[in-house]
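What follows is each chain in one-letter form.
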Amino acid sequence: MTESTPQDIHAYLTGIMQQAVASYLEQEHIDFDATQLPIDLRLSAQASFGDYSIPVMAWSGKLKRPPLKIAEGLLAILQANAQADIQEITATKPGYLNFRLNRPVVGHNIIERVLEAGADYGQHKVGVGTKVIVEHTNINSNKAAHVGHLRNSCLGDTVVRMLRSQGYQVEADNYIDDSGVQVADVVVGFTLLQKGLLDLPGGNEQLPDESFDYFCSRVYTTVSRVYDDKESELGQMAARLRKEVLHSIEHGDEPHSGPDYPALAADLSHQIVQAHLKTMGRLNISYDVLPWESAILRAGLWQHTFEMLKSRGLLEKPETGHAAGCWILPFGEGESQTSEGDRNSDKILVRSDGTATYTAKDIAYQLWKFGLADQLGVEFHFVPWGIQHDGRKLWTMRTPNDPQLKAVTDEAPATKFGHANRVVNVIDVRQSYLQQVVYESLRRLGYVEQADNSKHLAYEVVTLSASTAARLGIDTSDNRSYYAMSGRKGIEIKADDLINAAIQRMQEISQEEGKQELPAETASVLAASAIRYFMIRFNLQQIIALDMDEVLRPKGDTGVYIQYAYARSNSILRRLQETGYTIPATLEALPEQLEQSEWDLLRHIDAYPRRLAEYAEQMAPSLLASYVYDLAAHFTDFFEHTSPIIREENEQIKAFRAFLVQATAQTMSNAMRVLGFEPLERI
């Protein structure tokens, strides 16, 4: 490979082929655009052919030549411009060009590129100058986070990291729905508690070792059961109170007498959000800004959006039918698609009681993300919320008339947040229709470019495996393969419970294997890696059946296996140092040949920047997870099928392999950090 241009194998072989094709067309006097001849570089089907092959059979009809003749003509041109990186080129039937590389030379080049780039290996600048907002997590501020939320946050945080690796300016938004019905339900629950009308399982007081969000989960589950008993006097009273509370917190009503529901909702929400952030921090997840639904409402953004939709004739207000008295957005034809019974043909944005639906507020929020709120004269302020576990400052949205602003001196300019070129909303697949409504609304308002640059990263839900469901006391006699969770029914695994169980299991495994006691900090990092990896390794369209044993498995396709492989690479380097061996500054001489396991590992390392770029563009965390697992497996294969480096007597082989381990450790560290892991050099 050319010394002055760091290229991967794919770019190098594709480049010399493009030059050869141009020369061939000129030599054969063929008037054809060379760029219309796709170069399909692939691994050779048989080792006897070489390392890589390029088929040219598809070119035959375009160039009016037999495929083997084309391959032979290209072969002559390539051989006339022999390169030190290529050991042999052959042409075989029916029309393949085969490349056998000089593995030690190419391997040395790969290692040099990795070590020279260091922590930047794999980074690109394709996204420089483009701002992307990734909205994820978005847990209702009414109760503790559960494992279903973790798939959202782990996917979202990994996409943020992948896009940042490509040079994009990425803003991670955690939108807090603090004015919806779930928050109203907890306010109702606390109100009934204060009146002595509610009995919580486990007692009506917060337990000594119970976090506030867990306490609120008990309140929410209990009040949900009260609503279900529609015939009882308490159930009817709770339903009336729910409407009153919901209207009050949405409109910010100041009470003339009685409870201040908006203030109570705000206090509850802030405490629960603080608990959610702490939970997510345990999995190395952080954010840039907290936009609040209450701020969007009180700043008038939804009202301005509503007026704009009405003034442009985009809304209707039917007088009869299920949507009588509601403001609706006509949206095609179709059957009921949501649990609330909303139809495609008449998406309700404002209910008959004047309260806005989730979709309505999401339209306004989507406008803000693209900086379109500025055109409506709506202003927000952003003040610090605090410093997160990774040192990143977290900001929170406020309205200009917020009394808390008077005590804040550190304030970000409004243009610091929002104003994106692209927006990615990480929301489960059940919200697909509602996301379509949001994007179509932007399009109908004339914001076509913004609608086109809005992406719904949809993923399937997390359920419980049969064995895990049985542990929770769920009836599994129907022998289904998985069971849906329900926060209202209290059928779920809380996120912190899963994390705690994972930490405990990591320590138990260490003891079972007769190792030293695993430090709590190490166990926490391993647990976070295990959970993050499990949540992203599945295809987005695949329903996850959460099985506790599977999540915490230390071997195989797991985050823990990847951590152990990385720790092993660092252990080898430490042992070399402990024996007094000094890795040379440069490789003066190369081995005559490489073992197959060495070559396979090198090729996988070489592919990392290209693969990361591809997967970031696709926003496919599962593919990156698969790459990192394969990298760990290739390193394990190299470790098990070559003689121990410590005892290696051939200095050329020893030095080369020491460099290879360094390059492996660097690539693994870089890739693991994009996955959101904290790489452990020792376990």
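Residues numbered from 1 in each chain as written. Predicted model: local features only at pLDDT ≥ 70, side-chain atom pairs only at ≥ 80, totals over all residues. Heavy atoms only, no water.

Participant: Before we go on, may I ask you to explain the pairing of strand β11 (residues 393–398) in this structure?
Facilitator: The buried fraction of β11 is high, at five of six residues. In the sheet, strand β7 (residues 289–290) pairs with β11 via two bridges, with the strands oriented parallel. Across the sheet, the residue bridging to L290 is T396, located in β11. Pairing of strand β10 (residues 381–387) with β11, which is carried by six bridges, proceeds in the antiparallel orientation. Counterpart to G386 in the pairing with β11 is L394. (Buried < 20%, exposed > 50% of the residue type's maximum accessible area, 1.4 Å probe, protein only. Helix = DSSP H or I, 4+ residues; strand = E, 2+ residues; numbered from the N terminus. Pairing = 2+ DSSP bridges.)

Participant: Would you mind going over the layout of surface pockets with me for this structure?
Facilitator: One way to see where empty space is left: roll a probe the size of a water molecule over the atoms. Counted as a void, the second largest pocket has a volume near 700 Å³. Taken together, 27 residues form the lining of the second largest pocket, with K515, Y564, A567, R568 and I683 sitting closest to its centre. The set of elements that each furnish at least two residues to the lining of the second largest pocket consists of α16 (495–512), α19 (559–578) and α22 (621–641). (1 Å grid on protein atoms, 1.4 Å probe; cavity = no way out; pocket = protein on both sides within 12 Å on 5 of 7 lines; lining within 4 Å. Points joined across faces, edges and corners; volume = space filled by probe spheres on them.)

Participant: Where do I start with the packing of helix α6 (residues 181–194) against helix α8 (residues 233–251) in this structure?
Facilitator: When two helices pack together, their arrangement is captured by the angle between the axes and the distance separating the axes. It is the contact of α6 with α8, at a shortest axis distance of 9 Å, that shows an interaxial angle of 125°. Classed by the angle they form, the pair α6 and α8 counts as oblique. Judged by the twist between their axes, the crossing of α6 over α8 is right-handed. On the side of α6, the interface is formed by V181, A184, D185, V187, V188, T191 and L192, while α8 contributes L234, M237, A238, L241, R242, V245, L246 and I249. Residues that form the contact of α6 with α8 fall into these classes: 12 nonpolar, one polar and two charged. (Axes fitted to C-alpha atoms, helices over the stretch in contact; angles between N-to-C directions. Parallel < 35°, antiparallel > 145°, perpendicular 65-115°, else oblique. Left-handed = near helix turned anticlockwise from the far one by under 90°. Contact = heavy atoms within 4.5 Å. Nonpolar A, V, L, I, M, F, W, Y, C, P; charged D, E, K, R; others polar.)

Participant: Just checking my understanding: could you explain unusual backbone geometry for this structure?
Facilitator: For residues other than glycine, phi is negative in most cases, and the peptide bonds are mostly trans. In this structure, P94 follows K93 across a cis peptide bond, with omega equal to -5°. Relative to the helices and strands, P94 is located in the loop between β3 (86–92) and β4 (96–101). The phi angle at K64 is positive, at roughly 55°, despite the residue not being glycine. Structurally, the position occupied by K64 is in the loop between α2 (60–63) and α3 (67–80). In this structure, M619 takes a positive phi of about 50° despite not being glycine. Its place among the elements puts M619 in the loop between α21 (608–618) and α22.

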